[in-house]
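# Structural description and commentary
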Amino acid sequence: MLDPVILFICFVAQAVFVAAEPIQVSIPSTPPSRNIVGQNFLGISLELSFMDEYFGNDTSTIPPTVINYLSALRTRVGDNPLRLRIGGNSMDSSVYVPDQGSPMTQLIAGSANANNQPVNYGPFLWDVLDKVASDIGGAAYLIGLSLLDPNNTNVPVLAGAAQEKLGANLDGFLLGNEPDLYTSHLNRPNIANYTTSIYMDEFREVSNHLTSTSAGDILDKHNIGGPTICCSWNLDALLDDGYVSEFGNILKYVSLQHYPQNNCFGSYEYEIPYYVQHSNVVELAAWQESGISKALTTNRVIMSEFNSASCGGIPGISDTFAVGSLWTLDYALQLASVGYSAAYLHTRERGITYNLFAPPEGPNGNPGPWVTNPPFYALLVVAEALRSKNGSIVADLNIKGSMNNINATVGGYAVYDAASSIVQQLVLFNYANVSSSANSSETFVIPANVFSSTASKTVTIKYLMAQDMQEKSNIAWGGQTFANVGDGKLILANATWAPPNKQVDCSNGCSISVPAPGAAVVFAGGPPENKASSTNNTGGNSNTKIGNAQVRSATTLSVFFSVTTVLVLFTSSNW
């Protein structure tokens, strides 16, 4: 009779094998769409009222750390400028003061509520934005213009000043912010039913004011965005009413804003499980699907503001690895796959749970350590995942039916070069609700001939990982982290929850292991070569060989410590 211990080990080994059955990944030989996006697809949306908290009061007080953060993104978007949108509710309700000096924004006393805090602001804002663009090597700004008062003669003054100062760094203007909420927000008290027809009349009136500014006729530049609706109106109906047919000659973007839920009244519907279910990401990105299809025949569509929950996010949800990092990455790629040209992740004042990073307390521009939050990592990963000199086309691979299967804990995308239609990158998700210390992983089997025959036989794998779904700080991308770093510069993680880059021979197909919880990006053309800047810690790659040896050792050792793995795999429930 066999020793009971041996029998138990055999049972464990068999259980691990069954639980970790490899997933065969089917990858189309050509992309299913022609929606081309750049590496700078995912940008940052900044609430006007609190620009000073992140950028200081004037050009002399811009914190070096925020430049480090933005440079880390700029170096990853190739030759494209970094997308930055300045707007929000406060942009619609704030007042531009042409002769205002420092500080560049000043709260208007007595007129604020928690989710709309108007300010007076002046030309120092444009000076700061212009210097930031210069410091990081290029920015593309979307600037909000108010539609609250169609008779406001201040709007063309603002637009002209911004155009003159920002020049080539100005991507465009968004005219109005969430007009479909003007009624519920009491912004049209004398109109019982603020219809799309009335909205279009006001849009026409304000845009006509832009024909005469200090920078000339703004409309000649064809860089206006709208309608920037979020909630109550149907884009399909608005287009049928003639929005694009009337304004198409001045529109650069058809803009939308949308959140999966709100926390505006102290209650919310979804917990973490909602966000780590890939089919929910697919459903969310299909919002306004019919209208988007119509708009794409003539215009580019952008998501000018989004995050995990409106009105500032949800503590313990928005600020976790599961939602801030993984969900943001998944949702951004899904938006790219369904027709969007760009998307902007929103950030507000200090203390808001979905923010990208947190400046130190004290006066604006105050020296001190900053804190990097989970959403910022998603920006890094998206930029690298969309690497291509010719633009990228993103396709959902529907792994294990994940686009519709509510029980799927995996997901994935293929990223094709827009010119050659050859797969450049793969992005693979493992949403299993376990701790990284459980050594649980999914193996994705990539067939032969997926990548170009002229590419290197070896692919590089970079991991986005954390200790567990609820983690807020100990997060790593490519073995590097911002944890316990206050200057916005990545450092080598040297932690079990931060696997380093790995190389695999994929000339005849290969198996890619993705630990849980986490995501992996497979690079066919070798590791990303981000442009050198003060923000990049280049020492991380020099440790790859050592790190790979550690990964191999950990994989071997996990067989001997698989009791924990088995218990977690067989007893854990999905989020």
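Our structure is the block above this text.
Residues numbered from 1 in each chain as written. Predicted model: local features only at pLDDT ≥ 70, side-chain atom pairs only at ≥ 80, totals over all residues. Heavy atoms only, no water.

### So, the overall build of the chain
What counts, and what does not: Secondary structure is summarised from DSSP: a helix means a run of H or I of at least four residues, a strand means a run of E of at least two, and numbering begins at the N terminus for each. Under the scheme applied here, a residue whose accessible area is under 20% of the maximum for its type counts as buried, over 50% as exposed, and between as partly exposed, the area being computed with a 1.4 Å probe on protein chains only. What makes two residues a contact is simply this: any of their non-hydrogen atoms within 4.5 Å. The protein chains shown are the only cover counted for residues, whose accessible areas, like all others here, come from Shrake-Rupley with a 1.4 Å probe.
A count of helices and strands for the chain gives 16 helices and 25 strands. For the chain, the proportion of its 575 residues judged to be buried stands at 58%. Taking as baseline every contact in the chain between residues at least 6 positions apart, the subset at least 24 positions apart corresponds to 78%. When the accessible surface of the chain is summed, it comes to about 22200 Å², and 52% of that surface belongs to carbon and sulfur atoms.

### Digging into the sheet that holds strand β4 (residues 95-96)
Note the following rule: For two strands to be treated as a pair, DSSP must find no fewer than two bridges joining them.
With mixed pairing, three strands are arranged side by side in an open sheet as β4-β6-β5. The sheet terminates laterally at β4 and β5 (105-107), the two strands that pair on one side only. As paired elements, β4 and strand β6 (residues 119-121) share two bridges and run parallel to each other. Its bridge partner lying in β6, V95 is registered against N120.

### Some words on the environment of L210
Tracing the chain through its elements places L210 in the loop between α7 (196-209) and β9 (224-229). For the pair L210 and G160, spaced 50 residues apart in sequence, the C-alpha separation works out to 8.2 Å. Every residue in contact with L210, bar those within four places of it in the chain, is listed here: L145, V155, P156, A159, G216, D217, I218, L219 and I224.

### Here's the deal with the pairing of strand β3 (residues 82-87)
Most of β3 is tucked away, with six of its six residues classed as buried. Side-chain alternation along β3 places L82, L84 and I86 on one buried face and R83, R85 and G87 on a second face that is also buried.

### A closer look at the packing of aromatic side chains
Heads up, the rule is: The pairing test for Phe, Tyr and Trp rings, Trp by its six-membered ring, is centres within 6.5 Å, and the orientation test on the planes gives stacked under 30 degrees, edge-to-face over 60, and tilted for anything in between.
Enumeration over the complete set of coordinates arrives at 30 aromatic pairs. Ring centres of W327 and Y331 lie 5.1 Å apart, and the angle between their planes is 15°; this geometry places the pair in the stacked category. One end of the pair, W327, and the other, Y331, are both in helix α13 (residues 321-337), four residues apart, so they sit about a helical turn from each other. By the burial criterion, W327 is buried, and Y331 matches it. Counting every residue linked through ring pairs, the aromatic cluster contains Y54, Y69, F357, W370, F376, Y377 and F482.

### A closer look at the layout of surface pockets
Keep this limit in mind: Here a cavity denotes a set of grid points, spaced 1 Å apart and computed over the protein atoms alone, in which a 1.4 Å probe fits but from which it cannot get out, and a pocket denotes an open set meeting protein on both sides within 12 Å along at least five of seven lines; residues with an atom within 4 Å of a point are reported as lining. Grid points are joined across faces, edges and corners, and a volume is the space filled by probe spheres set on the points. All amino acids are sorted into three groups, where Ala, Val, Leu, Ile, Met, Phe, Trp, Tyr, Cys and Pro are nonpolar, Asp, Glu, Lys and Arg are charged, and the leftover types, Gly among them, are polar.
In this structure, the second largest pocket occupies an estimated 790 Å³ of space. Around the second largest pocket, the lining is made up of 37 residues, and of these N89, E178, L181, H185 and C311 lie nearest the centre. Broken down by element, the lining of the second largest pocket gets its largest block of residues, four residues, from helix α4 (residues 89-93). The residue makeup of the lining of the second largest pocket, split by class, is 13 nonpolar, 18 polar and six charged.

### Overview of the sheet that holds strand β1 (residues 23-24)
Spatially, three strands are ordered β1-β18-β24 in an open sheet, and the strand pairing comes out mixed. The open sheet has two edge strands, β1 and β24 (510-515), and neither has a second partner. With six bridges connecting them, strand β18 (residues 441-446) and β24 associate as antiparallel partners. Among the inter-strand pairings, F444 is bridged to a residue of β24, identified as I512.

### Side note on the nonpolar core
To be explicit about the condition: The set of buried Ala, Val, Leu, Ile, Met, Phe, Trp, Tyr and Cys residues whose side-chain atoms join them within 4.5 Å is what this entry labels a nonpolar core.
W126 and I143 are the most contacted members of the largest nonpolar core, which totals 125 residues. Here this core gets eleven residues from one element, more than from any other, and that element is α13. Setting aside residues up to four positions removed in sequence, I143 forms contacts with I86, M91, W126, L129, L158, L166, L170, G172, F173 and L174. If you look at the next biggest cluster of nonpolar residues, it comprises 30 residues, including V25, F451, V459 and Y463.

### Some words on the pattern of salt bridges
The condition that has to hold: Any Lys or Arg side-chain nitrogen located within 4 Å of an Asp or Glu carboxyl oxygen qualifies as a salt bridge.
Inspection of the entire model under this criterion finds 15 salt bridges. Here D127 and K165 are joined by a salt bridge, their closest N and O atoms 3.5 Å apart. Of this pair, D127 sits in helix α5 (residues 124-136) while K165 sits in helix α6 (residues 154-166), and the two are 38 residues apart along the sequence. The class of D127 is partly exposed, set by a relative accessible area of 25%. Residue classification places K165 among the partly exposed residues on the basis of a relative accessible area of 37%. For D171, the salt bridge identified is with K252, shortest N-O distance 2.6 Å. Here D171, found in strand β8 (residues 170-175), pairs with K252, found in strand β10 (residues 251-257); they are 81 residues apart in sequence, far enough to count as distant.

### Re the state of the cysteines
Two cysteines, two sulfur atoms, one covalent bond between them: this is a disulfide. Using the following cut-off: Count a disulfide wherever a pair of cysteine sulfur atoms falls within 2.5 Å.
Considering all chains together, one arrives at three disulfides under this definition. For C230, the disulfide goes to C231, at an S-S distance of 2.3 Å. Across the disulfide from C230 to C231, rotation about the S-S bond amounts to roughly -105°, and the bridge is consequently left-handed. For C231, a relative accessible area of 46% corresponds to the partly exposed category. Paired by a disulfide, C264 and C311 hold their sulfur atoms 1.9 Å apart. Between C264 and C311, the disulfide has an S-S torsion of 80° and is therefore right-handed. Of this pair, C264 sits in the loop between β10 and α10 (272-275) while C311 sits in the loop between β11 (300-306) and α13, and the two are 47 residues apart along the sequence. Taking the relative accessible area as the measure of exposure, C311 reaches 23% and is therefore partly exposed. Disulfides within the chain link the bonded cysteines, taken in sequence order, as 1-2, 3-4, 5-6.

### A closer look at empty space enclosed by the protein
By the definition in use, this model includes four cavities of 30 Å³ or more. Counted as a void, the largest cavity has a volume near 60 Å³. Lining the largest cavity we find 14 residues, and of these M91, G144, L145, L174 and N177 sit closest to its centre. Broken down by secondary-structure element, the contributors of at least two residues to the lining of the largest cavity are β3, α4 and β7 (139-145). If one sorts the elements of the lining of the largest cavity by residue count, β7 sits on top with four residues. Its residues assigned to classes, the lining of the largest cavity shows six nonpolar, six polar and two charged. Of the voids in this model, the second largest cavity is the one considered here, and its volume is about 50 Å³. The element contributing the most residues to the lining of the second largest cavity is α6, with three residues.

### Some thoughts on the packing of helix α3 (residues 64-74) against α5
Axes are the key here: two packed helices are described by the angle between their axes and the distance separating the axes. Here is the rule we go by: Note on definitions: angles span 0 to 180 degrees between N-to-C directions of axes, and those axes are lines fitted to C-alpha atoms, for helices only across the stretch in contact. Roughly parallel means an angle under 35 degrees; roughly antiparallel means over 145; roughly perpendicular covers 65 to 115; every other angle is labelled oblique. Helix crossings get a hand from a simple test, with the near helix turned counterclockwise from the far one by less than a right angle marking a left-handed crossing and a clockwise turn marking a right-handed one.
Put simply, α3 and α5 touch, their axes get as near as 9 Å, and they point 55° apart. On the basis of their axis angle, the class for α3 and α5 is oblique. In the crossing of α3 with α5, the sense of the turn from one axis to the other is right-handed. Every residue of α5 that contacts α3 at I67, L70, S71 and R74 is listed here: V132, D135 and I136. For the contact of α3 with α5, a count of residues per class yields four nonpolar, one polar and two charged.

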